[in-house]
Amino acid sequence: MRTIKLLLTTLLVVSSYSFADNVQCSKGRCVNGDTDASWGLTFTPSFKNLYPINLINTDKECNDSSATPTNIPRNTYFKQTLDHNAQIDEEKIVHVYNVDLKTDKSTTTSTYFNKPFKFCLTENNKVEKSNYIRVGGLNTGLLVIPYKLRKGDIYSDSAIGPYISYKRETFELLAAFGLSKISVSEVGTDKVETEDGLTLALGVNFEISKNWDIALIVGVDHLSGSKGDDWEFQDEPWVSFAIGYSFTR
């Protein structure tokens, strides 16, 4: 029993030391390496506050006016926890992992890094949208491509489909797969028919409002069967812009 207690004590000490050792502070900015996990490559939603905001303890409700919030200084990075069941539309559970604060390492660790916070989107403790931006993680949404530019000519071949994107602070990279309405001319005639095709697209996305985006897109279209065999633009690249609506912002 004594050996077990000694082992447990050792593990706790090592764990505590590892946590403290992973917090690095330089020029007034402290980073929690345990939670950071290379924040630029995180697949969970990650945020940066442009102005000081207040986050509350997870045992408090967003409508609790008596909750004592923790003030988070501007230019702090925080991201959602991996517990997806804890995330709802009105509030998120987040970890602070990169904070710009001229203080000592132990104070920063005990104040910001040793517990999760509740990030309220409604009620008394609401954090206004204008106070923060999304800087990392995966997005999903619906992409609409109104036209395509092929070899210098514009074609009204629209496409619509779901997309998945990887968000960075100023832009996001996306990939989309969907259906296109494609105008095809029959060989030897002036007859034009509209066919359904598959579209694969890659692009760079820029946020223009809370949920709306605009993107620069490069893609290819594919028609099946004999129509595809005779179509001059089969699997040939095109460029366009797209309008996107994000479901996860």
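Residues numbered from 1 in each chain as written. Predicted model: local features only at pLDDT ≥ 70, side-chain atom pairs only at ≥ 80, totals over all residues. Heavy atoms only, no water.

Asks: Even after reading the chapter, I still don't get a nonpolar patch on the surface, so can you show me in this structure?
Replies: A grouping of Phe206, Ile208, Trp212, Ile214, Leu216, Ile243 and Tyr245 is seen on the molecular surface, where their side chains present a nonpolar patch of about 660 Å² in accessible area. Listed by contribution, the elements that provide at least two residues to the nonpolar patch are strand E15 (212–222) and strand E16 (237–246). Mapped onto the fold, Trp212 is located in strand E15. (Patch = residues over 30% accessible without salt bridge, like charges linked within 9 Å, V, L, I, M, F, W, Y side chains within 5 Å. Areas by Shrake-Rupley, 256 points an atom, 1.4 Å probe, with all protein chains shown as cover. Salt bridge = Lys/Arg side-chain N within 4 Å of Asp/Glu carboxyl O. Helix = DSSP H or I, 4+ residues; strand = E, 2+ residues; numbered from the N terminus.)

Asks: What should I look at first to understand the confidence of the model for the protein in this one?
Replies: A low pLDDT means the predicted coordinates there should not be read in detail. The share of residues in the protein with pLDDT of 70 or more is 84%, and the mean pLDDT across the chain is 81. Across residues 1–20, confidence stays below pLDDT 50; counting only partners more than four residues off in sequence or on other chains, it has 7 contacts. (pLDDT = per-residue confidence, 0-100. Contact = heavy atoms within 4.5 Å.)

Asks: It is not clear to me how empty space enclosed by the protein should be interpreted in this structure. Could you clarify?
Replies: Empty space left among the atoms is revealed by rolling a probe the size of a water molecule over them. All chains considered together, the criterion is met by 1 cavity of 30 Å³ or more. What lines the largest cavity is simply Leu143, Ile145, Ala159, Ile160, Gly161, Ala176, Phe177, Gly178, Thr199 and Ala201. Those elements that provide at least two residues to the lining of the largest cavity are strand E9 (132–145), strand E12 (159–167), strand E13 (172–185) and strand E14 (192–207). Across the lining of the largest cavity, the residue classes break down as 7 nonpolar, 3 polar and no charged. (1 Å grid on protein atoms, 1.4 Å probe; cavity = no way out; pocket = protein on both sides within 12 Å on 5 of 7 lines; lining within 4 Å. Points joined across faces, edges and corners; volume = space filled by probe spheres on them. Nonpolar A, V, L, I, M, F, W, Y, C, P; charged D, E, K, R; others polar.)

Asks: I'm lost on the layout of surface pockets in this one. Help?
Replies: By volume, the second largest pocket amounts to about 150 Å³. Along the walls of the second largest pocket sit 10 residues, with Ser183, Val184, Ser185, Trp231 and Glu232 positioned nearest its centre. Top contributing element to the lining of the second largest pocket by residue count: E13, with 3 residues.

Asks: Please clarify how the packing of aromatic side chains should be interpreted in this entry.
Replies: Any aromatic ring pair is given by two values, namely how distant the centres are and how the planes are angled relative to each other. Evaluated as defined, the whole model comprises 9 aromatic pairs. Taken together, a centroid distance of 5.7 Å and an interplanar angle of 55° make the contact between Phe47 and Phe119 tilted. A residue pair is termed long-range when its members are at least 10 positions apart, and Phe47 in strand E3 (residues 46–49) and Phe119 in strand E8 (residues 117–120) qualify at 72 residues. The pair Phe47 / Phe119 is uniform in exposure class, with both members buried. Ring geometry for Phe47 and Tyr132: centres 5.9 Å apart, planes at 80°, overall edge-to-face. Here Tyr132 lies in strand E9 and Phe47 lies in strand E3, a separation of 85 residues in the sequence. Judged by relative accessible area, Tyr132 falls into the buried class, the value being 10%. Among the aromatic side chains, those forming a connected cluster through ring pairs are Phe47, Phe78, Phe119 and Tyr132. Directly above the aromatic system of Tyr97 lies the positively charged group of Lys79, at a separation of 5.5 Å from the ring centroid. Note that Arg150 overlies the ring of Tyr155, its terminal NZ or CZ placed 5.4 Å from the centroid. (Phe/Tyr/Trp six-rings, centres within 6.5 Å; stacked < 30°, edge-to-face > 60°. Buried < 20%, exposed > 50% of the residue type's maximum accessible area, 1.4 Å probe, protein only. Lys NZ or Arg CZ within 6 Å of the ring centre and 35° of its normal.)

Asks: Before we go on, may I ask you to explain the nonpolar core in this structure?
Replies: One recurring pattern in soluble globular proteins is that nonpolar side chains are buried together. Grouped together as the largest cluster of nonpolar side chains are 16 residues, with contacts concentrated most on Leu55, Phe78, Val96, Phe113 and Phe119. Setting aside residues up to four positions removed in sequence, Leu55 forms contacts with Pro69, Thr70, Ile72, Val94, Val96, Phe117, Lys118, Phe119 and Val127. Ile145, Ala159, Leu174 and Ile217 belong to the second-largest nonpolar core, a separate cluster that totals 11 residues. (Core = buried A, V, L, I, M, F, W, Y, C linked by side-chain atoms within 4.5 Å.)

Asks: I'm lost on unusual backbone geometry in this one. Help?
Replies: Phi is mostly negative for residues that are not glycine, and the peptide bonds are mostly trans. A positive phi angle, close to 65°, is found at Asn75, a residue other than glycine. For Asn75, the location among the structural elements is in the loop between strand E5 (70–72) and strand E6 (77–80). Exposure remark for Asn75: the relative accessible area of 17% places this residue in the buried category. Backbone geometry places Asp235, a non-glycine residue, at a positive phi of 60°.

Asks: What is the right way to look at the side chain of Ser46 in this model?
Replies: Tracing the sequence through the fold places Ser46 in strand E3. In terms of polar contacts, Ser46 uses its side chain to reach the side chain of Tyr97, at 2.6 Å. (Polar contact = N/O pair within 3.5 Å; in protein donor to acceptor, adjacent residues only side chain to side chain.)

Asks: What is the right way to read the environment of Tyr163 from this model?
Replies: Secondary-structure assignment places Tyr163 in strand E12. Remark: the alpha-carbon pair of Tyr163 and Phe177, spanning 14 residues in sequence, is separated by 6.7 Å. The residues touching Tyr163, leaving out its near neighbours within four places in the chain, are Asn139, Thr140, Gly141, Leu142, Leu143, Leu174, Ala175, Ala176, Asn205, Asp213, Tyr245 and Ser246. Only 3.5 Å separates the side chain of Tyr163 from the side chain of Asp213, close enough to count as a polar contact.

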